[in-house]
Amino acid sequence: MIKPNALKKGDKIAIVSLSWGGLGDEKLIHKYYIAKERLEKEFGLSVVTMPNALKGSDFVYNHPELRAKDLMDAFRDESIKGIFCAIGGSDSIRLLPYIDYDVIKNNPKIFMGYSDTTVSHFMMRKAGLVSYYGPSVMCEFGEYVKMFDYTKEAVENILFKDTTNYEVKSSNYWSDDFVDWKEKNINRSKKLRKEKHGYEIINGSGVIIGELIGGCLDVFPMIVGTEIWPKSDEWKDKILLIETSEEKPKPDYVLYYLRNLGAQGILKSIKGIIVGKPQDEMYYEEYKGVFKKIIKEFDCEHLGIIYNVNIGHASPTGLLPLGIEYQIDLDNKTIAFKESGVSI
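In this report, the structure presented in the accompanying data block is examined. The structure presented is a predicted model; accordingly, all values stated were derived computationally and were not measured. (Residues numbered from 1 in each chain as written. Predicted model: local features only at pLDDT ≥ 70, side-chain atom pairs only at ≥ 80, totals over all residues. Heavy atoms only, no water.)

## Topic: the nonpolar core
1) Next: In this structure, Phe84, Leu159, Leu261 and Ile273 are the most contacted members of the largest nonpolar core, which totals 111 residues.
2) Next: The contact partners of Ile273, leaving out residues within four places of it in the chain, are Ile239, Leu240, Ile242, Leu267, Phe291, Leu303, Gly304, Ile305 and Ile306. (Core = buried A, V, L, I, M, F, W, Y, C linked by side-chain atoms within 4.5 Å. Buried < 20%, exposed > 50% of the residue type's maximum accessible area, 1.4 Å probe, protein only. Contact = heavy atoms within 4.5 Å.)

## Points about the packing of aromatic side chains
1) Next: Overall, the coordinates contain 14 aromatic pairs when judged by the stated rule.
2) Next: Look at Tyr253 and Tyr256: their rings are 5.8 Å apart centre to centre, the planes differ by 70°, and that puts the pair in the edge-to-face class. Of the two residues, Tyr253 and Tyr256 are both situated in helix α9 (residues 251-263); the distance of three residues between them amounts to about one turn of the helix.
3) Next: On the basis of relative accessible area, Tyr253 is assigned to the partly exposed category, the value being 44%. (Phe/Tyr/Trp six-rings, centres within 6.5 Å; stacked < 30°, edge-to-face > 60°. Helix = DSSP H or I, 4+ residues; strand = E, 2+ residues; numbered from the N terminus.)

## Focus on helix α1 (residues 29-41)
1) Next: For α1, with 13 residues, the first-to-last C-alpha span of 19 Å sits near the 18 Å given by 1.5 Å per residue.
2) Next: Taken as a whole, α1 has its buried residues at His30, Lys31, Tyr32, Ile34, Ala35, Arg38 and Leu39.
3) Next: For α1, the elements touching its buried residues are β1 (12-16), β2 (46-49), β3 (80-85) and α6 (137-141). (Expected span 1.5 Å × (residues − 1).)

## Quick notes on the environment of Met50
1) Next: Considering the arrangement of structural elements, one finds Met50 in the loop between β2 and α2 (57-62).
2) Next: Not counting chain neighbours up to four residues away, the residues in contact with Met50 comprise Ala14, Ile15, Val16, Asp70, Asp73, Ala74 and Ile80.

## What about the sheet that holds strand β5 (residues 131-133)?
1) Next: Taking strand neighbours across the sheet as the criterion, the six strands line up as β2-β1-β3-β4-β5-β13 in an open arrangement whose pairing is mixed. Each having just a single partner strand, β2 and β13 (320-322) make up the two edges of the open sheet. Direction aside, the axes of adjacent strands within the sheet are offset by 25° on average.
2) Next: Of the strand pairs in this sheet, β1 and β3 are connected by five bridges, and their pairing is parallel. Each bridged residue has a counterpart across the sheet, and for Ala14 the counterpart in β3 is Ile83. (Pairing = 2+ DSSP bridges. Axes fitted to C-alpha atoms, helices over the stretch in contact; angles between N-to-C directions.)

## Topic: unusual backbone geometry
1) Next: Residue Pro316 is bonded to the preceding Ser315 through a cis peptide linkage, with omega at 5°.
2) Next: Note that Pro316 resides in the loop between β12 (304-309) and β13.
3) Next: Phi is positive for Tyr283, which is not a glycine, with a value near 60°.
4) Next: If you trace the backbone, Tyr283 turns up in the loop between β11 (272-276) and α11 (284-297).

## Quick notes on the pattern of salt bridges
1) Next: Taken as a whole and assessed by the stated rule, the structure comprises 23 salt bridges.
2) Next: Note that Lys69 is salt-bridged to Asp73, the shortest N-O span being 2.7 Å. Highlighted residues: Lys69 and Asp73, both in helix α3 (residues 64-76), separated by four residues, approximately one helical turn.
3) Next: Residue classification places Lys69 among the partly exposed positions, given a relative accessible area of 45%.
4) Next: As a salt-bridge pair, Arg193 and Asp176 come within 3.1 Å of each other at their nearest N and O atoms. Within this pair, whereas Arg193 is found in strand β7 (residues 193-194), its partner Asp176 is found in the loop between β6 (173-174) and β7, the two being separated by 17 residues in sequence.
5) Next: In this structure Arg193 comes out as partly exposed when scored by relative accessible area, which is 45%.
6) Next: Connected through salt bridges with shared partners, the residues Arg38, Glu42 and Lys152 form a single ionic network. (Salt bridge = Lys/Arg side-chain N within 4 Å of Asp/Glu carboxyl O.)

## Comments concerning the sheet that holds strand β10 (residues 239-243)
Neighbouring strands of a sheet are bound in pairs by backbone hydrogen bonds; such pairs are parallel or else antiparallel.
1) Next: Spatial strand order, β8-β12-β11-β10-β9-β14-β15: seven strands in an open sheet with mixed pairing. Two strands close off the open sheet at either side, each with one partner strand: β8 (200-203) and β15 (334-337). Looking at each pair of strands side by side, their axes are set apart by 30° on average, direction ignored.
2) Next: As paired elements, β11 and β12 share four bridges and run parallel to each other. In the sheet register, Ile274 faces β12, and the bridge partner there is Ile306.

Listed below in structure tokens is the structure:
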């Protein structure tokens, strides 16, 4: 896997809307201006917005080919060092016919997002590029009042520095507070709760080492069977990242999705699973029961499963490079990079 160069102060990053186009809607565009100012002032980056990223949800929905063009043009532009996704959504799968994997491979750069961006992360994987499952422009960089310290530090530490042996620690706080995206709420902060669980081990012991692959579990059914879904041998000895969306799928649906992975032979092939904290801790205990059940159903007692990781739809969320090797110590409940997430 090709690692893009680390970001530096002054680097130009592009904003793309590859799925839902709400960032450009009149009632929500204030989130764009918050994020742009934060990226420039707090991270020292120069922000460019691709031509179709702010044309609004209706236009963006109707033009998957232009969404893909923005992505391809951002990769082709040698002055752009990183590409940050506006937000997730539900239909970036429609970009597939317009993707040139050679363009991605030959112009490696930081690519980051989560949720429906899972589709694009599998595109990056097909092109052979390490990508970054992490914060989006609209949600995290556009957070009212301030960005969560946990998220900000993850971005600063992982995208800008050598992270060989970097330990991914659990946040000591979390939030299930909902602040409506209206300008009148621009000065309202989310209330925080103390983290009571930390990382939990659902199964396994000892140390597992493997390359990270995966994303939002809800998205997997859309990409199974497509050109970007890895072949069976590509799953061998990997560590699978799984997190669930704001739709908060019922435990039965999570069980069905996992059964599909079991039926494909994936659960037998991989070494372990990193499971994200469910948003608002909805179905927190029930999901744990689902993983224990799937282990028995598919005879996967070898799997090391670490649960309640701050990633994806968790609040706060962190950042995990996809396509690099990790070391998970199940006895000591630690997650660490075996190699740097970026090229220095």
